[in-house]
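# Structural overview for review
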Amino acid sequence: MDTQNAIDVFIKETGSQVAAELEACTRCGMCAEACHFYQATGVPEYAPVWKFELLRKAHEQRFTLGGKIKLALGIDKPVNEEDLKEWSSYVYHACTVCNRCALVCPMGIDIGHLIAGVRTGLSAAGFVPKDLEDSVQKQIDEGSPLGVTDEVYGQRIDFVDDEWEVDIPVDKEGADTLVIFSSIEIMKFPQDLAAITKILNAAGENWTVSTKAREVVNFGFFDGNPEHKKLILKRVLDGAKEMGVKKIVVTECGHAYDALRWSSYNLVDVPKDLEITHIVGLIGEYLESGRIKLKEKAFNEGTITFHDACKIQRTGGHIKEPRMVMDILAPDSFKEMTPNKEQNFCCGGGGGVIVIKDADPLRYAAFELKMDQIKEVGADTVVMACANCRLQFVDCVGHFNLDLKVAGLSQMVADALEV
Amino acid sequence: MTASFTLTPVEKGIMRCIHTSKFSHEDVRSLANFLADYHGKLLIDLSETTSEDCAKQLKQFRPMMPTAAIIGVDLDPAALEIPDSYYVHEVRHFQSEEQALAWLREQ
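Note that this is a predicted model, so its numbers are computed, not measured.

### Here's the deal with the overall build of chain B
Looking only at helices and strands, chain B features three helices and five strands. In sequence order, the secondary structure elements of chain B are arranged as β-β-α-β-α-β-β-α. With respect to the principal axes defined by its C-alpha atoms, chain B has extents near 35 × 30 × 25 Å. Out of the 107 residues in chain B, the part that is buried amounts to 50%. Summarising the internal contacts of chain B: among those between residues at least 6 apart in sequence, 59% fall at separations of at least 24. Between the mean site of the 10 positive side-chain charges and the mean site of the 16 negative ones, chain B shows a separation of 4 Å.

Shown next as structure tokens:
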């Protein structure tokens, strides 16, 4: 554990934009009300403003006269190991980096980015929770945090090909589009692979999967280590370059979409003409252009609601496409949760929180907000386009013994395809 | 056509899944969908299956399984091994139904 490493990173992370944001924060507390962990527990330390306090403190002590005077007079103490240990629980266990807090900040501060900066410092000093650290290491060593090795990948693709009677093109030369599944789908929801295959084939997409770029999740975004982020991004982008594809499609994964679509450009070389999209965006394009057609009212019974994922809908902007699907499949049974779209609450399992066993009580507490939303709308089915959210929902449905069906959007679309 | 597995309730929170004959593609898909939806524990009875089909299907279904106890077959423990990960549930092999249910109730 090296406290100075963390302080150095906090200082390094504090460029002009971050410094301006730290100075601009008025401590109004509106971010607290936006945070599902704070709302669920009422613990003041879970307020987003407190979660980036270490960054502010390091900045103040290094760059401001007031901070230096407070240090010299002993009014304030330098960031120490105890602080790092304490903040590790705030920013890894009680934050999904969902960035809902940034939406409500009257000063327009990108709070999620600041908290991610704290994670980066903690990572440099060795304060990543062990469960998460082990999963990150597994991804670095084996290519997947869930144990999808080259051999397992091949076996799962064969399994889906055989049993769902589809043909997933592997390393197909001349393909335009590279589709990269998440290992949650590969291991836990293999029917997603078949569903997405059916959609792409129905649309006549010239696509492939790659044995080199075979894992879309990027746990480097969870531990905060920039070298891990880059290494994992490079594996995907090198695979895409080698295949010569024009487009990457991220399947039902939220943070991986955020990483590839938005963050990658600041971290690694992304081929200039490479388009990066999410399967939800692609489904929307197919529907608008008539490349696929769906059976109207195919799921028009009961009450169905849609869970907006933080990284796909709030950050990614794919808000209209799921509604487009619901308008066709469930025009009468679809009901919106409140709040919804970009304002929706996180499921509570994102940002690596679901990986950390010690964070389970907090994860369940945060999900209770989601339960309230679902109960209020009276839904018997909740649909989403993120496999990590789906894993959290499935786990919580079991934990709370709820009578609720959890479904993937691609699966619904595939089941309703007009052939 | 009859499905190659049947699901019956044992008690609150535990279902019995009996594998009765060779899996068809449709059976595999149905079971995968069931496992995606099911949130309880499973008592898996493999007494009426062939060892070959059992080994093949166990390997593929293992990552999707909830907490489960397997009975009715002599099983190589390696068939249940899976890389440790946060999404994985515990699955154990037992010689008797009594032992299996006692363990499931504790989970």
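Having put the structure on the table, let's press on.
### Here we look at the interface of chain A and chain B
Accessible area lost when the parts come together is the quantity often used to give the size of an interface. Facing 31 residues of chain A, the contacting portion of chain B comprises 23 residues. Regarding the contact of chain A and chain B, the summed buried area is about 2,300 Å², with carbon and sulfur atoms giving 53% of it. Taken together, the connections running from chain A to chain B amount to two salt bridges. Measuring nitrogen to oxygen at the nearest pair gives 3.0 Å for the salt bridge that ties glutamate 165 of chain A to arginine 29 of chain B. Connecting chain A to chain B are 10 residue pairs in polar contact (both at pLDDT 80 or more). If you list the elements that add at least two residues to the side of chain A that touches chain B, you get helix H11 (130–142), helix H12 (150–163), helix H13 (183–187), helix H22 (387–399) and strand E7 (405–408) of chain A. For the side of chain A that touches chain B, the element with the highest residue contribution is H22 of chain A, accounting for six residues. Of the residues assigned to the side of chain A that touches chain B, the class counts are 16 nonpolar, seven polar and eight charged.

### Quick word on the environment of tyrosine 364 of chain A
Residues and elements named next belong to chain A. Within the secondary structure layout, tyrosine 364 lies in helix H21 (residues 360–377). In the structure, tyrosine 364 is positioned 248 residues away from alanine 116 in sequence and 22 Å away in space, judged by C-alpha atoms. When neighbours within four sequence positions are excluded, tyrosine 364 is seen to be in contact with Asp395, Cys396, His399 and Phe400.

### Structural notes on the pattern of salt bridges
Residue and element names in this part refer to chain A. Counted under the stated rule, the structure contains 26 salt bridges over all chains. Note that lysine 70 is salt-bridged to glutamate 60, the shortest N-O span being 3.5 Å. In this pair, lysine 70 sits in helix H7 (residues 65–72) while glutamate 60 sits in helix H6 (residues 53–63), placing the two residues 10 residues apart along the sequence. Taking relative accessible area as the criterion, lysine 70 reaches 31% and is therefore assigned partly exposed. Here arginine 390 and aspartate 192 are joined by a salt bridge, their closest N and O atoms 3.0 Å apart. Of this pair, arginine 390 sits in helix H22 while aspartate 192 sits in helix H14 (residues 191–202), placing them 198 residues apart in sequence. A single burial state applies to arginine 390 and to aspartate 192, both of which are buried. One network of salt bridges, in which partners are shared, links Glu53, Arg56, Glu60 and Lys70.

Rules of the game
Residues numbered from 1 in each chain as written. Chains lettered and ligands numbered in written order. Predicted model: local features only at pLDDT ≥ 70, side-chain atom pairs only at ≥ 80, totals over all residues. Heavy atoms only, no water. Helix = DSSP H or I, 4+ residues; strand = E, 2+ residues; numbered from the N terminus. Buried < 20%, exposed > 50% of the residue type's maximum accessible area, 1.4 Å probe, protein only. Contact = heavy atoms within 4.5 Å. Lys, Arg positive; Asp, Glu negative; His and termini not counted. Charge placed at Lys NZ, Arg CZ, Asp CG, Glu CD. Buried area = accessible area lost by both parts, 1.4 Å probe. Salt bridge = Lys/Arg side-chain N within 4 Å of Asp/Glu carboxyl O. Polar contact = N/O pair within 3.5 Å; in protein donor to acceptor, adjacent residues only side chain to side chain. Nonpolar A, V, L, I, M, F, W, Y, C, P; charged D, E, K, R; others polar.

Everything listed is a geometric property; what it means functionally is a separate question.
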